[in-house]
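Next come the chains, spelled out residue by residue.
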Amino acid sequence: MTVTITGRFLDWEGCFNVREPGGPGATGTGAVVRADALDRLTANGWTSLTAHGVRTVVDLRNEDEWELDHCPRPAGVTTVRIPLDGIGHRDFWDVWWGSPGFGTPASFRPFLERFPDRVASVARATADAPPGGIVFHCGLGRDRTGLIALVLLRLAGASPEEVADDYALSEPRVRAMYAARGRPYDPAEIDAYVAGLGTTVHALAREAAAGLDAAAYLRAAGLGAGGVERLRERLRGRSRER
């Protein structure tokens, strides 16, 4: 089967926001993929996923977001569910829940500071996954997925500008997703929030990336030096198996 790639975007039928993250050479081709909710994939979509070499899915969503797969998940694909939000921790969520800021990278640095253990769990699952490619996803493939992409890309050597550029690619895809599902999409509240900060979404993503030493952060979060190196190797495309 031919794998369809448009730029870094992948055509997996049923999804809208699937791509290989980062700037040129930031990660090994096919090593990691970021995506929106995979339970909407068609049979052809799952075939495209496996043809791309993916063997592990890391689902970042909360349990109440899980849906039944529209088509059967291939037997050779392992799914690991790691709810990233830690929604029960009210000290954080009473500030951010329902805030338009949580739909922007303004929340990334506070989240990274509050939940290093959860980020490290995703990093560990990625580093220690069986041979093959890995896809990590949330609902839209923008915010939780964007935060994990930021950490992985910085570890892989992507610049803050490349991380911000990667984050920006999601917005038109999210708009297309809403339109295709007949749902209204109004970014006015987010736009007003960002304007009130006197900045832009792109600048927020760039600043969050610039302030992160990913290796030091993950070591301190419990991944350890060996785990960080295994993750680097994974991002370089090692441990791949077609």
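Residues numbered from 1 in each chain as written. Predicted model: local features only at pLDDT ≥ 70, side-chain atom pairs only at ≥ 80, totals over all residues. Heavy atoms only, no water.

## Observations regarding the nonpolar core
General note: in soluble globular proteins, nonpolar side chains tend to be found buried as a group. Quick note on the threshold: In this description, a nonpolar core means a group of buried Ala, Val, Leu, Ile, Met, Phe, Trp, Tyr and Cys residues linked to one another through side-chain atoms lying within 4.5 Å. Relative accessibility under 20% of the residue-type maximum defines a buried residue, over 50% an exposed one, and the middle range a partly exposed one, all with a 1.4 Å probe and only protein chains included. The secondary structure listing takes helices from DSSP runs of H or I that are at least 4 residues long and strands from runs of E that are at least 2 residues long, numbered from the N terminus. Any pair of residues with heavy atoms lying within 4.5 Å of one another is described as a contacting pair.
Formed by 49 residues in total, the largest nonpolar core has its most connected members in Val119, Ile148, Leu150, Leu218 and Leu231. With 8 residues, helix H5 (residues 144-156) is the single largest residue contributor to this core. If we ignore the near neighbours within four places in the chain, the residues touching Leu231 are Ala123, Thr126, Ala127, Leu152, Leu155, Leu218 and Leu223. Listed in part, the 14 residues of the second largest apolar core include Trp12, Cys15, Leu38 and Val57.

## Notes on the confidence of the model for the protein
Should pLDDT be low for a region, the predicted coordinates there are not to be read in detail. Filter applied, for reference: For every residue, the predictor reports its confidence as pLDDT, a number between 0 and 100.
Put simply, the protein has an average pLDDT of 92, and 93% of its residues get 70 or more. This stretch, residues 1-5, has a pLDDT under 50; its non-local contacts, to residues over four places away or in other chains, come to 11 contacts.

## Comments concerning helix H7 (residues 170-180)
Note the threshold: Directions pointing from the helix axis toward each C-beta atom define the arc.
Listing the buried residues of H7 in full gives Ser170, Val174, Met177 and Tyr178. For H7, the buried positions fall inside an angular range of 95 degrees around the axis, keeping them on one side. Turned more than 90 degrees off the buried face of H7, the exposed positions are Pro172, Ala179 and Ala180. Considering only its buried residues, H7 is in contact with strand E3 (32-35) and helix H6 (160-168).

## What to know about the pattern of salt bridges
Short version of the rule: Any carboxyl oxygen of Asp or Glu within 4 Å of a side-chain nitrogen of Lys or Arg constitutes a salt bridge here.
One pass over the structure, following the stated rule, counts 20 salt bridges. Across the pair Arg61 and Asp59 runs a salt bridge, and its minimum N-O distance is 2.9 Å. Residues Arg61 and Asp59 agree in their burial class; the two are buried. With a closest N to O distance of 2.7 Å, Arg73 and Asp69 form a salt bridge. For Asp69, a relative accessible area of 30% puts it in the partly exposed group. One network of salt bridges, with partners in common, ties together Arg8, Arg19, Arg34 and Asp166.

## Section: the side chain of Arg234
Formally: The charge count includes Lys and Arg as positive and Asp and Glu as negative, but it does not include His or the ends of the chains. We define a polar contact as two N or O atoms separated by no more than 3.5 Å, with the added condition that, inside protein, one atom must be a possible hydrogen donor and the other a possible acceptor, whereas residues neighbouring each other in sequence contribute only through side-chain atom pairs.
Relative to the elements of secondary structure, Arg234 occurs in helix H11 (residues 224-235). Put simply, Arg234 is tucked away with no salt bridge, and the nearest opposite charge, on Asp128, sits 7.0 Å away. In this structure the side chain of Arg234 is engaged in a polar contact, spanning 2.3 Å, whose partner is the backbone oxygen of Ala129.

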